[in-house]
Amino acid sequence: MTTDRSPMPKAGVRRIAVVGAGYVGLPTAAVLSHHGHMVTLAERDERRLEILRQGRSPIVEHGLEEMLKDGMSTGRLRTVRSAAEAVVGAEFVFLCVETPQSADGSADLSFITAAASEIAPHLADGAIIVNKSTVPVGTVGLIERVLGRADVVTVSNPEFLREGTAVADSLSPDRVVVGADDREAAARVAELFGDSGAPVVITDATTSELIKYASNAFLATKLTFINTMAGLCEAVGADVLDLVLGIGYDKRIGFEFLRPGPGWGGSCLPKDTAALVAISNAAGYDVSIVRGAISGNDEQMRRVVAKIATAAGGTFRDRTIGVLGLSFKANTGDRRDSPALSITKMLVAAGASIRAFDPTVTTADADQPDLAHVTVFDSAYEAVTGTHVIALLTEWQEFRWLDYSKIRGLVANPAIVDARNLLESGLVHRLGFSYSGIGRS
Ligand SMILES: NC(=O)c1ccc[n+]([C@@H]2O[C@H](COP(=O)([O-])OP(=O)(O)OC[C@H]3O[C@@H](n4cnc5c(N)ncnc54)[C@H](O)[C@@H]3O)[C@@H](O)[C@H]2O)c1
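From a predicted model like this one, the values you see are computed outputs, not experimental measurements. (Residues numbered from 1 in each chain as written. Predicted model: local features only at pLDDT ≥ 70, side-chain atom pairs only at ≥ 80, totals over all residues. Heavy atoms only, no water.)

1. Thoughts on the packing of helix 1 (residues 25–34) against helix 3 (residues 64–73)
- Direction vectors running N to C along helix 1 and helix 3 enclose 50°, while the axes themselves pass 9 Å from each other. Regarding the angle of helix 1 to helix 3, the classification is oblique. For the crossing formed where helix 1 meets helix 3, the hand is left-handed. Residues Leu26, Pro27, Ala30, Val31, Ser33 and His34 of helix 1 lie in contact with helix 3, whose contacting residues are Leu64, Met67, Leu68 and Gly71.
- Looking at the contact of helix 1 with helix 3 residue by residue, the class counts come to 7 nonpolar, 3 polar and no charged. (Axes fitted to C-alpha atoms, helices over the stretch in contact; angles between N-to-C directions. Helix = DSSP H or I, 4+ residues; strand = E, 2+ residues; numbered from the N terminus. Parallel < 35°, antiparallel > 145°, perpendicular 65-115°, else oblique. Left-handed = near helix turned anticlockwise from the far one by under 90°. Contact = heavy atoms within 4.5 Å. Nonpolar A, V, L, I, M, F, W, Y, C, P; charged D, E, K, R; others polar.)

Next comes the structure, spelled out in structure tokens:
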């Protein structure tokens, strides 16, 4: 065990380590230090660490950079490269490492187990491990076995923040879920979030782990539902935006996650629904509703491609598509499992060329492997120049305010497929564009 020589913090102030400075670890560390705790954040990726050391945020997230800077300038937040170093003397260790999808759909836990074996010999006596990564049932037990430390308790604390509003969500979450068989440890973890005033759900570890997957499966199913209704609206000549108003005012339904679009994506919903199916299969139980949500989502992306094909005149041969938006949703630079990239890949496979613009991507990013199939431009106007169809795939508000009369003069063919229903269809019609939204005539 490593000896800690740093001073004890003030009463109520906890010494906390956060392992992983990604979309979850960064806001977690920033907000915990904002609440006055002494936080050490470990990140092994040199590029992310170097950006942090320059006082910047490695991810696009509203308010995060200011909060990180504040934590660093007051000395409450420091960054290190190694998780082993970060955990020395920490009372709580938050695991915020990636759990990507394996080939069979299940969650890949290798980053979790690697982090656990890395920190095990360096943990303080009686430390509490708080797992924020999204993991299958049984992972708390797996972590405890890898740690092999009878004095260390592991607690599940799933994270529900949304990218784009991660800081606000971490400051005032809708609820805090803590799962542990050791209720005293769970209560101590819950105390860390006391300032947020959020309701706390304390449960056993298995239920806590399942809560995260159930939440994401529900949200994915809701999105597939409204996308399916959008298709039905098109089939019968109804308007999905009015349909959303008509059902969303019902408090039992609500408006959240009721926006039709190109299909859901991002770093969580696709892998978490696949993982839930894998968990269910292993348990001999069929979650057909979740399987339906996944296949409905694949179908939605194919429907968007079909719309773009129609707008292109029925063929992609010698057609260039101007794509607006590459991130998986607005207000984030995250492109992991972005529907925009899935759709552009399908377009390229069908023979189209892609010119693309996204506010979080510059020509300097052109060598990123996920962008190999598109040509990136530094402005929307450049991207749409000479194109046969404009496909709006991410709901960045700035796309609403582009000068579409100028764009009318730049394109080879005036056609817009608005997969986010962002534009005023009457306006672009008047400028001479053909317009196709989702679930609108
Ligand atoms: N992104 C989201 O919106 C979100 C929301 C809720 C839950 N989650 C879950 O949280 C977890 C993390 O997601 P993310 O999006 O933050 O991932 P991420 O890939 O952005 O960040 C993980 C970071 O951990 C670092 N890391 C991995 N092992 C390490 C180690 N041993 N030492 C130091 N650093 C290490 C990686 O280099 C990476 O920077 C996943 O399980 C995810 O499903 C994500």
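2. Description of the packing of helix 12 (residues 288–311) against helix 13 (residues 339–349)
- Remark: helix 12 packs on helix 13, axes separated minimally by 10 Å, with the N-to-C direction vectors making an angle of 50°. With respect to their mutual orientation, helix 12 and helix 13 come out oblique. Relative to helix 13, the crossing made by helix 12 is right-handed. Between helix 12, through Met301, Arg302, Val304, Val305 and Ile308, and helix 13, the contact on the second element is made entirely by Pro339, Ser342, Ile343, Met346 and Leu347.
- Of the residues assigned to the contact of helix 12 with helix 13, the class counts are 8 nonpolar, 1 polar and 1 charged.

3. Comments concerning the environment of Ile51
- Checked against the element boundaries, Ile51 lands in helix 2 (residues 46–53).
- The exposure class of Ile51 is buried, given its relative accessible area of 13%.
- Each C-alpha atom of the pair Ile51 and Tyr23 lies 14 Å from the other, and the pair is 28 residues apart in sequence. (Buried < 20%, exposed > 50% of the residue type's maximum accessible area, 1.4 Å probe, protein only.)

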